[in-house]
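# Observations on the model geometry
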Amino acid sequence: MRFIALDVETANPDMSSICQIGIVHFEDGEPMETWSSLVDPQDYFDDMNVFIHGIEEKDVRGAPTFKHVSAEINRRVGGQVVAIHTTFDRSAIRQAASRHGTMPPECFWLNTASVARRAWPEVAQRGYGLAPLAVKLGIEFEHHDAAEDARAAGMILVRAMTEMGLDLVGWMDRVKRPINPSHNGSVARVGNPEGSL
């Protein structure tokens, strides 16, 4: 079982303003290699984002731009299953690639929030954020550091595979189906077609 976990932090509400990226390679359920880089977003830093992750403009002075790290990102994740917690990271990578004129990675994205909502019924509707899930599963990490968040997302996937008995291929298929497997997808509508509405 080999997969990659990825996370990004952004400088402001624009998803393309990546200021940090973390990538963790998992092998046989264990994090084996971590690559992390600060990134100069060539954009402003919003106070709210700085409050969340603590990365300031001065921290990225001299750091590579997204255009300069995109080849390394693509080399590390290309052709792999890439675990992300929510679709934010996938969208940020795609938007940054578009903004900087680079190619986004060709990989197979797997949203670990969607995995968790199917693996543990008690978090199907709420409580499936990265921090609450980490607490629930006993995963210690330093939240809002890209490498740490990537590792936590990867560990959530490992726990779901172990506890539910589904491998990567099984989870790639399972997240495409409804949270409740007994739901057939149809919605019954009852009403009076002759009524006033």
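These notes cover the structure that comes with them.

Quick notes on the rules
- Residues numbered from 1 in each chain as written.
- Predicted model: local features only at pLDDT ≥ 70, side-chain atom pairs only at ≥ 80, totals over all residues.
- Heavy atoms only, no water.
- Helix = DSSP H or I, 4+ residues; strand = E, 2+ residues; numbered from the N terminus.
- Buried < 20%, exposed > 50% of the residue type's maximum accessible area, 1.4 Å probe, protein only.
- Areas by Shrake-Rupley, 256 points an atom, 1.4 Å probe, with all protein chains shown as cover.
- Lys, Arg positive; Asp, Glu negative; His and termini not counted.
- Charge placed at Lys NZ, Arg CZ, Asp CG, Glu CD.
- 1 Å grid on protein atoms, 1.4 Å probe; cavity = no way out; pocket = protein on both sides within 12 Å on 5 of 7 lines; lining within 4 Å.
- Points joined across faces, edges and corners; volume = space filled by probe spheres on them.
- Nonpolar A, V, L, I, M, F, W, Y, C, P; charged D, E, K, R; others polar.
- Expected span 1.5 Å × (residues − 1).
- Patch = residues over 30% accessible without salt bridge, like charges linked within 9 Å, V, L, I, M, F, W, Y side chains within 5 Å.
- Salt bridge = Lys/Arg side-chain N within 4 Å of Asp/Glu carboxyl O.
- Contact = heavy atoms within 4.5 Å.
- Phe/Tyr/Trp six-rings, centres within 6.5 Å; stacked < 30°, edge-to-face > 60°.
- Lys NZ or Arg CZ within 6 Å of the ring centre and 35° of its normal.
- Pairing = 2+ DSSP bridges.
- Axes fitted to C-alpha atoms, helices over the stretch in contact; angles between N-to-C directions.
- Core = buried A, V, L, I, M, F, W, Y, C linked by side-chain atoms within 4.5 Å.

Along its length, the protein chain carries 7 helices and 5 strands. Going residue by residue from the N terminus, the α and β elements of the protein chain occur as β-β-β-α-α-β-α-β-α-α-α-α. Its C-alpha atoms put the protein chain at 65 × 50 × 30 Å along the principal axes. Relative to its full complement of 197 residues, the protein chain shows a buried share of 46%. Accessible area for the protein chain stands at about 10,600 Å²; split by element, carbon and sulfur atoms hold 50% of it. Side-chain charges of the protein chain comprise 19 positive and 27 negative groups, with the mean position of each set lying 7 Å from the other.

Each pocket or cavity is described by its volume, and for the largest pocket that value is around 310 Å³. Along its surface, the largest pocket is lined by 17 residues, and D7, V8, E9, F88 and H144 are the ones closest to its centre. Elements that contribute at least two residues to the lining of the largest pocket include exactly β1 (2-10), α1 (47-53) and α3 (88-100). Counting residues per element, the lining of the largest pocket draws most heavily on β1, at 4 residues. Across the lining of the largest pocket, the residue classes break down as 5 nonpolar, 8 polar and 4 charged.

Next up on the list: helix α6 (residues 146-164). Each full turn of the α-helix corresponds to 3.6 residues, which orients residues three or four apart in the same direction. With 19 residues, α6 ought to run about 27 Å at 1.5 Å a step, and its terminal C-alpha atoms sit 27 Å apart, in line with that. Positive phi appears at G165, one or two residues downstream of α6, with a value of about 70 degrees.

What follows deals with a nonpolar patch on the surface. On the surface, M48, F51 and I52 cluster together to form a nonpolar patch covering roughly 360 Å² of accessible area. When you line up the elements, M48 lands in helix α1.

What follows deals with the side chain of S37. Among the structural elements, S37 can be located in strand β3 (residues 30-38). Here S37 is in contact with C19, Q20, I21, P64 and V69, once residues within four sequence places are set aside.

In the structure shown here, the tally under the stated rule is 1 aromatic pair. Consider the rings of F3 and F26, whose centres lie 4.7 Å apart with planes at 5 degrees: the pair is stacked. Here F3 is found in strand β1, whereas its partner F26 is found in strand β2 (residues 18-27), with 23 residues between them in sequence. Exposure remark for F26: the relative accessible area of 1% places this residue in the buried category. Residue placement shows R117 over the ring face of Y128; its charged tip is 4.6 Å from the ring centre.

Right, let's get into the sheet that holds β3. Backbone-to-backbone hydrogen bonds pair the strands of a sheet. The strands run either parallel or antiparallel. The strand order β3-β2-β1-β4-β5 describes an open sheet built from 5 strands, whose pairing is mixed. Edge positions in the sheet fall to β3 and β5 (108-111), since each of these pairs with one other strand and no more. On average, adjacent strands in this sheet sit at an angle of 25 degrees to one another, irrespective of strand direction.

A few words on the environment of A71. As for its position among the elements, A71 is in helix α2 (residues 66-77). In this structure the C-alpha to C-alpha distance between A71 and L157, which are 86 residues apart in sequence, comes to 26 Å.

Tallied over the entire structure, the rule returns 10 salt bridges. The shortest N-O distance in the salt bridge between E148 and R151 comes to 3.3 Å. Placement of both E148 and R151 in helix α6 is noted, with a separation of 3 residues, approximately one turn of the helix. What makes E148 partly exposed here is its relative accessible area of 23%.

On to the pairing of β5, then. As judged from the 4 bridges shared by strand β4 (residues 81-84) and β5, these two strands associate in the parallel manner. From the neighbouring strand, I84 faces β5, where its bridge partner is N111.

In terms of nonpolar packing, the biggest core is built from 30 residues, with F3, L110, W120, I156, L157 and W171 touching the most fellow members. Every element with two or more residues in this core is listed here: β1, β2, β4, α4 (112-119), α5 (130-137), α6 and α7 (168-174). No other element matches the 9 residues that α6 contributes to this core. Counting 20 residues, the second largest nonpolar core, distinct from the first, contains I18, I21, V39 and I93.

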